[in-house]
Amino acid sequence: MKKQLLVTVIAMIPAMSFAKISDFNALISENVKAQNELHSTVKHNLDDARDAVAAAQVRERIVVVENSGVTYNAPTKKDLLAFKKEKRSHRASEGKQFERLASEINSADY
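### Topic: the overall build of the chain
Phase 1 of the analysis: Secondary structure assignment for the chain yields three helices and zero strands.
Phase 2 of the analysis: Written out in order from the N terminus, the α and β elements of the chain read α-α-α.
Phase 3 of the analysis: Expressed as a percentage of the 110 residues in the chain, the buried residues total 0%.

### A look at a nonpolar patch on the surface
Phase 1 of the analysis: On the surface, a nonpolar cluster with roughly 370 Å² of combined accessible area is contributed by Phe 24, Leu 27, Ile 28 and Val 32.
Phase 2 of the analysis: Among the secondary structure elements, Phe 24 is positioned in helix α1 (residues 2–56).
Phase 3 of the analysis: Judged by relative accessible area, which is 49%, Phe 24 ranks as partly exposed.

### Re the confidence of the model for the chain
Phase 1 of the analysis: For the chain, the mean per-residue pLDDT works out to 77, and 77% of the residues sit at or above 70.
Phase 2 of the analysis: Per-residue pLDDT, averaged within each element of the chain, yields its smallest value for helix α2 (residues 84–88) (66) and its largest for helix α3 (residues 94–109) (85).

Rules behind the numbers
- Each chain carries its own residue numbering, running from 1 in the written order of its sequence.
- Two thresholds apply to this predicted model, a pLDDT of at least 70 for residue-level local features and 80 or more for giving and counting side-chain atom pairs, whereas whole-chain, interface and lining totals are computed over all residues.
- With hydrogens and water excluded, all non-hydrogen atoms of the structure serve as input to the side-chain values.
- A run of H or I in DSSP becomes a helix once it reaches four residues, and a run of E becomes a strand once it reaches two; helices and strands are each numbered from the N terminus.
- Whether a residue is buried, partly exposed or exposed follows from its accessible area with a 1.4 Å probe, protein chains only, as a fraction of its type maximum: under 20%, in between, or over 50%, in that order.
- Grouping into patches uses exposed residues only, defined as over 30% relative accessible area, and leaves out salt-bridged ones; the cut-off is 9 Å for like charges and 5 Å for nonpolar side chains (Val, Leu, Ile, Met, Phe, Trp, Tyr).
- Note on areas: these come from Shrake-Rupley sampling with a 1.4 Å probe, and a residue is covered only by the protein chains present in the view.
- In the sections that follow, a salt bridge refers to a side-chain nitrogen of Lys or Arg positioned within 4 Å of a carboxyl oxygen of Asp or Glu.
- What pLDDT expresses is the predictor's confidence in each residue, scored from 0 to 100.

Here it is, written out as structure tokens:
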């Protein structure tokens, strides 16, 4: 009797694990379907919200024109509009480097 019960339990373990695996695969496929539906719903809602905001915000353009023709010149640094990388690794152009080299050679000759 004990042997029959033990054999039955041992035989049912693989069957139960196979049933769990098939249920697990079904659970994964249902989860994937739900994620796809959620993704499409969120994307649709986002597009609707963007359209609603774009329709609600009508911008007016204002153009300011000065008739006097006066120009205002403000002194600025060249580094003010440069990127940080440009400031760190600034090199003179090749043409300027050759001109400097030529002027150094000419000054050394005389």
